[in-house]
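Inside the fold
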Amino acid sequence: MNNIKLIELISHGDNRGSLIALEKEHNVPFDIKRVYYIYDTKRGVPRGFHAHEDLEQMLICVSGSCKIKVDNGKEQEVYELNTPEQALYIGKMIWREMYDFSQGCVLMVIASQYYNPKEYIRDYNKFIEIVNGGG
Ligand code: T46
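Each value, and the rule that gives it
- Throughout this document, residue positions are counted from 1 along each chain, in the order its sequence is written.
- Only residues with pLDDT of at least 70 are given local features in this predicted model, and only at 80 or more are side-chain atom pairs given and counted; all residues enter the totals for whole chains, interfaces and linings.
- Hydrogens and water molecules were not included; the side-chain quantities draw on all heavy atoms of the structure.
- By the convention used here, strands pair only if DSSP detects at least 2 bridges between them.
- Strands are runs of DSSP state E lasting at least two residues, helices are runs of H or I lasting at least four, and both sets are numbered from the N terminus onward.
- Helix axes are fitted only over the stretch in contact, all axes being lines through C-alpha atoms; the angle between N-to-C directions runs from 0 to 180 degrees.
- Residues adjacent in sequence count toward polar contacts only when both atoms are side-chain atoms; beyond that, a polar contact is any pair of N or O atoms within 3.5 Å, and within protein one must be able to donate a hydrogen and the other to accept it.
- Accessible area is worked out with a 1.4 Å probe on protein chains only. A residue is then buried under 20% of its type maximum, exposed over 50%, and partly exposed in between.
- Within 6.5 Å between ring centres, the rings of Phe, Tyr and Trp (the latter by its six-membered ring) count as paired, and their orientation is classed by plane angle as stacked under 30 degrees, edge-to-face over 60, tilted in between.

**Here's the deal with the sheet that holds strand S9 (residues 86–90)**
The strand order across the open sheet formed by five strands is S1-S9-S6-S11-S4, and the pairing between neighbours is antiparallel. With partners counted over all chains shown, the strands left at the sheet margins are strand S1 (4–8) and strand S4 (34–38), one partner each. The average undirected angle you get between the axes of adjacent strands in this sheet is 25 degrees. Relative to S9, S1 runs antiparallel, the two sharing five bridges. Bridge assignment links Glu8 to a residue of S9, and that residue is Gln86.

Structure (structure tokens):
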């Protein structure tokens, strides 16, 4: 799907454990303006249900697992994130839903813009209208 990419991250491991670095241009395809993480999620309680007109993000499940449904208005895909060694890049104008969080799941998100609640598209019909050129 356009605007969606699973990125393999290089882990630097030795006998002390593992370390992954995220760097602009190296493995993050945008200027990093914000990092947040979602944790203490509840069994059976999904999150998301919105799209962003002008935001790119990388989602990394640094602990546990969860599923991400992405939708570009024409097709849908589901990704299971279950390793800190993979990141799901989500570009602009993609509807996303996160669900099936395992116990202790920590979902870290790296974002290309500062938080702006006004740029959220929270109405699915409106999202479909915009991606079809009617918004
Ligand atoms: C996304 C998915 C993957 C802030 O104050 N600052 C922030 O940077 C963010 C992201 C949220 N908030 C506040 C706003 C709400 O009061 O945190 C609360 C929960 O946010 P929200 O309901 O938007 O969380 P999710 O998990 O539904 O969605 C989040 C991101 O908002 C969204 O951009 O792509 O994670």
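Still more ground to cover, so stick around.
**Regarding helix H1 (residues 124–131)**
For H1, the N-terminal capping position is held by Asp123, with its side-chain oxygen 2.9 Å away from the main-chain nitrogen of Asn125. Looking one or two residues beyond H1, the residue adopting positive phi is Gly133, at roughly 85 degrees.

**Digging into unusual backbone geometry**
Despite not being glycine, Asp40 shows a phi value in the positive range, around 55 degrees. The residue Asp40 is located in the loop between S4 and strand S5 (47–52) in this model. Asp40 gets classed as exposed once you look at its relative accessible area, which sits at 55%. At Phe49, a position not held by glycine, the phi torsion is positive, near 65 degrees. Along the polypeptide, Phe49 turns up in strand S5. What makes Phe49 partly exposed here is its relative accessible area of 35%.

**Here's the deal with the packing of aromatic side chains**
Under the counting rule described, the total for this entry stands at six aromatic pairs. Measuring from ring centre to ring centre gives 5.7 Å for Trp95 and Phe127, while their planes differ by 45 degrees; the resulting arrangement is tilted. In this pair, Trp95 is assigned in strand S10 (residues 95–99) and Phe127 in helix H1, connecting sequence segments 32 residues apart. On the basis of relative accessibility, which here comes to 0%, the residue Phe127 falls in the buried class. Centre to centre, the rings of Tyr115 and Tyr120 are 6.0 Å apart; their planes meet at 80 degrees, and the pair counts as edge-to-face. Grouping aromatic residues by their ring pairs yields a cluster made of Trp95, Tyr124 and Phe127.

The values reported here are purely geometric and, on their own, carry no functional implication.
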